[in-house]
Amino acid sequence: SLLDTPLCENTKRYDTTRHSFATTMSAKNPTPQDDAKDKDIPSILPLAPGGVYAVKWETRMKRAEKLAITPIPDYRKPLGDENRENPIVFFDIVAGGYYLGQVEIEVKRDTCPITSENFLKLVEYKCYAGTKFKVYPGNWLIGGDISDLDEVVWNANDPEFFNYPELLPEVRQGGQSIYEEVLFKDENFELKHDGPGVLTMYNDDEPDANGSRFMITFDKKNKELDGKHVAFGQVVSGFDLLYSLQKLGDARQEGHTFQRVTIEKCGIKSNGGNAVAAMEQQERGATTVARARGRNMSDRKKTLRRTGFVAPCTRACSLASSSYMMRIF
């Protein structure tokens, strides 16, 4: 019997049994590395974000195809009908190298003039062209990081893009505003996040930390954003495109996408009634312009100090404007 066998022999028999058992288990359960060697999976496309194993080839091919846009016929503008006095901006969106379409956004200059001015200037001077989107399915997308550009789309020599290396080489990591304070204060929280398609500022969950990044909501209710993020606009056209980007998102809510999503072009489609009225008034005569130029210098300094509008980004935008005209002619 086993009890009658010397201890050393028992130990030897136990070790032999354990060795054979371990050998059998390792043969049935190879390591992930050994298992991967036996698979012939092409590596043309990137792996799933953070995944240990490569996804199926059919799935990877499908993810490389152009994103199918799902129409949303019942989309309602979350902030009501647009005000014709407010400007409309546009974004041309590409994903995975495919052009998906154009998105139009009303900027609520009537409610948030300071926040709107920051956004409009960044759009006007093409600062958002070449920036990427992070997608959080079921919640929102985040864009506007002017320090993280899509090197495939962005081109410093193209007037449709802002020349950061030449005009703003020391751009803040994570983006910045056009104002003297790189991150400006929360203007107000009058507009609520009551539906999908709300344009709001992104601030890393810190008060008074608004730069160039923004968010657009997907969900019907985002009450957790109220009182923390300044809403200042809404999507008026192309929301079905943005909503479909959720198919490319990561369910772990890390912002990664299976295809790179980029703003290819941006611009102001309509300046709104306020700008049109100002132009008409200017055309009537030079009196208004002369009065504006003849203002007291101290008043102008007070205004600039109050808005904090004189900043490196503003000067860079001015240089970009003159450089843009030179490149055209």
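Residues numbered from 1 in each chain as written. Predicted model: local features only at pLDDT ≥ 70, side-chain atom pairs only at ≥ 80, totals over all residues. Heavy atoms only, no water.

Draft legend 1. Spotlight on the sheet that holds strand β7 (residues 231-237). Across the sheet, eight strands lie side by side as β3-β4-β6-β5-β7-β2-β1-β8; this open sheet has antiparallel pairing. In the strand order of this sheet, the two ends are held by β3 (134-136) and β8 (261-270), each with one partner. Averaged over all pairs of adjacent strands, the angle between strand axes in this sheet comes to 25°, irrespective of strand direction. Relative to strand β6 (residues 214-217), strand β5 (residues 198-201) runs antiparallel, the two being bridged by three bridges. (Pairing = 2+ DSSP bridges. Helix = DSSP H or I, 4+ residues; strand = E, 2+ residues; numbered from the N terminus. Axes fitted to C-alpha atoms, helices over the stretch in contact; angles between N-to-C directions.)

Draft legend 2. Quick peek at the pairing of strand β4 (residues 140-143). Residue alternation in β4 divides its side chains into two sets, Trp 140 and Ile 142 and Leu 141 and Gly 143, and both sets are buried. Where β3 and β4 come together, three bridges link them in antiparallel fashion. Counted as the bridge partner of Tyr 136 is Trp 140 from β4. What sits between β3 and β4 in their antiparallel hairpin is a turn of three residues, with Gly 138 showing a positive phi close to 80°. In this sheet, β6 lies alongside β4 in antiparallel orientation, the contact comprising four bridges. Following the sheet pairing, Gly 143 is matched in β6 by Phe 214. (Buried < 20%, exposed > 50% of the residue type's maximum accessible area, 1.4 Å probe, protein only.)

Draft legend 3. Quick look at the side chain of Thr 111. Inspection of the secondary structure puts Thr 111 in the loop between β2 (98-107) and α4 (113-124). We classify Thr 111 as buried; its relative accessible area is 18%. Once you skip the residues sitting within four places of it in the chain, Thr 111 turns out to touch Glu 187, Asn 188, Glu 190 and Leu 191. (Contact = heavy atoms within 4.5 Å.)

Draft legend 4. Examining the confidence of the model for the chain more closely. When pLDDT is averaged along the chain, the result is 77; 66% of the residues meet or exceed 70. Taken together, the stretch residues 1-48 has pLDDT below 50 and engages in 22 contacts with residues farther than four places along the chain or on a different chain. Contacts from residues 276-310, a stretch scored under 50 in pLDDT, to residues over four places away or in other chains number 16 contacts. (pLDDT = per-residue confidence, 0-100.)

Draft legend 5. Main features of α4. With 12 residues, α4 should reach 16 Å at 1.5 Å per residue; the first-to-last C-alpha distance of 16 Å fits that figure. Within the span of α4, buried status applies to Thr 115, Ser 116, Asn 118, Phe 119, Leu 120, Leu 122 and Val 123. Looking one or two residues beyond α4, the residue adopting positive phi is Lys 126, at roughly 65°. (Expected span 1.5 Å × (residues − 1).)

Draft legend 6. Structural context of the nonpolar core. Ranked by size, the top nonpolar core spans 54 residues in total, and within it Phe 91, Phe 119 and Tyr 128 carry the most contacts. Examining the composition of this core, we find that five residues originate from one element, strand β1 (residues 88-95), more than from any other. Of all hydrophobic cores here, the second largest spans six residues; its members include Tyr 136, Trp 140, Ile 142 and Leu 225. (Core = buried A, V, L, I, M, F, W, Y, C linked by side-chain atoms within 4.5 Å.)

Draft legend 7. Spatial organisation of the pattern of salt bridges. Applying the stated criterion across every chain, the model contains 12 salt bridges. In this structure, the salt-bridge partner of Glu 160 is Lys 126, at a minimum N-O distance of 3.9 Å. Note that Glu 160 is positioned in the loop between β4 and α5 (164-167) and Lys 126 in the loop between α4 and β3, a separation of 34 residues in sequence. Residue Glu 160 is classed as partly exposed on the basis of its relative accessible area, which comes to 24%. Three or more residues are tied together by salt bridges with common partners; here these are Asp 150, Glu 151 and Arg 260. (Salt bridge = Lys/Arg side-chain N within 4 Å of Asp/Glu carboxyl O.)

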